[in-house]
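Architecture at a glance
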Amino acid sequence: MTGTLQALTLATLAFLAIHILPSSFLRSALVNKVGEKAYLGLFSLASALILFWMVQAYIASPEGPLLWQFENGARYTAIVLMVVASILFFSSFTVKNPTSIGAEGAVTSEKARSGIMSVTRHPMMWSFVLWAIAHLLNNGDLKSVIFFGGFGLLALIGTFMIDQKRSKALGADWVSFRQDTSNIPFAAILTGRAKLSIGQLWWRVLAGLVLFMGLFHMHAMIIGVPPYPL
């Protein structure tokens, strides 16, 4: 079911629902019935299928009305946002993060409070948020607002939902971890609760820049739209 803005909206709502509803109150009941591993497997499969539907619906949908159109400066802003997003995304794979599935035991580790974790305890989620904002700045048509807005909204909501789940599961250890980190990027550093460690970040920054350059130069070839400022 693709080809219309209504189909894209339905796919986006389904993508939001499958991530938000089970995480809020259905997960425990489903895990009790089918088991943790089976639940995660079924959830991953359903999520992948709905994501595929959402992407196909976006490709097939008409653009719809133009809601905003910024000048060339938006492309420069998007480049800055995507550089940061690339660094966050790459860095999220280089640390044991207690907000990740299966890594809850890292909540007491000092490494989980330094490096990229001193910037935000949700580096992957914020990479998606920044990616969505960057694309929304340069795509003001309705179908892009639905698609990228849905992704960005889910990632942002996800940071708070993960925090809530970890708080219930980890208790006092989570309270200590939360005090030394922040959800909003750089908030813990600006308030003096964390320190920015260049020694742990420099190679992650370089790797993130390499990732950004690769994505930047392949964008026109893969997506069909050049991201360069005009």
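Look above for the structure.
Rules of the game
- Residues numbered from 1 in each chain as written.
- Predicted model: local features only at pLDDT ≥ 70, side-chain atom pairs only at ≥ 80, totals over all residues.
- Heavy atoms only, no water.
- Core = buried A, V, L, I, M, F, W, Y, C linked by side-chain atoms within 4.5 Å.
- Buried < 20%, exposed > 50% of the residue type's maximum accessible area, 1.4 Å probe, protein only.
- Helix = DSSP H or I, 4+ residues; strand = E, 2+ residues; numbered from the N terminus.
- Contact = heavy atoms within 4.5 Å.
- 1 Å grid on protein atoms, 1.4 Å probe; cavity = no way out; pocket = protein on both sides within 12 Å on 5 of 7 lines; lining within 4 Å.
- Points joined across faces, edges and corners; volume = space filled by probe spheres on them.
- Nonpolar A, V, L, I, M, F, W, Y, C, P; charged D, E, K, R; others polar.
- Phe/Tyr/Trp six-rings, centres within 6.5 Å; stacked < 30°, edge-to-face > 60°.

Thoughts on the nonpolar core
Residues Met82, Leu88, Ile116, Met117, Leu130, Ala134 and Phe177 are the most contacted members of the largest nonpolar core, which totals 21 residues. Listed by contribution, the elements that provide at least two residues to this core are helix H3 (73–91), helix H4 (123–138), helix H6 (172–180) and helix H8 (198–223). Looking at this core, the element that brings in the most residues is H3, giving five residues. Residues in contact with Ala134, not counting those within four places in the same chain, are Ala78, Leu81 and Met82.

A closer look at the side chain of Ser127
With respect to the helices and strands, Ser127 occurs in helix H4. For Ser127, a relative accessible area of 3% puts it in the buried group. Beyond its immediate sequence surroundings of up to four residues, Ser127 is in contact with Ala85, Leu88 and Phe89.

Considering the layout of surface pockets
For the largest pocket, the calculated volume is near 1,500 Å³. Forming the walls of the largest pocket are 46 residues, and the residues nearest its centre are His135, Asn139, Phe148, His219 and Ile223. Among the elements that line the lining of the largest pocket, the one with the most residues is H8, at nine residues. Considered class by class, the residues forming the lining of the largest pocket number 30 nonpolar, eleven polar and five charged.

Description of the packing of aromatic side chains
Two aromatic rings, taken as a pair, are described by how far apart their centres are and by the angle between their planes. Taken as a whole, this structure holds 13 aromatic pairs when the rule is applied. Ring geometry for Phe89 versus Phe128: centroids 6.1 Å apart, planes at 55°, classification tilted. Taken together, the residues Phe89 in helix H3 and Phe128 in helix H4 connect sequence positions 39 residues apart. The exposure class of Phe89 is partly exposed, given its relative accessible area of 29%. Between Trp174 and Phe177, the ring centres sit 5.2 Å apart and the planes meet at 50°, which makes this aromatic pair tilted. Taken together, the positions of Trp174 and Phe177, both in helix H6 and three residues apart, correspond to about one turn of that helix.

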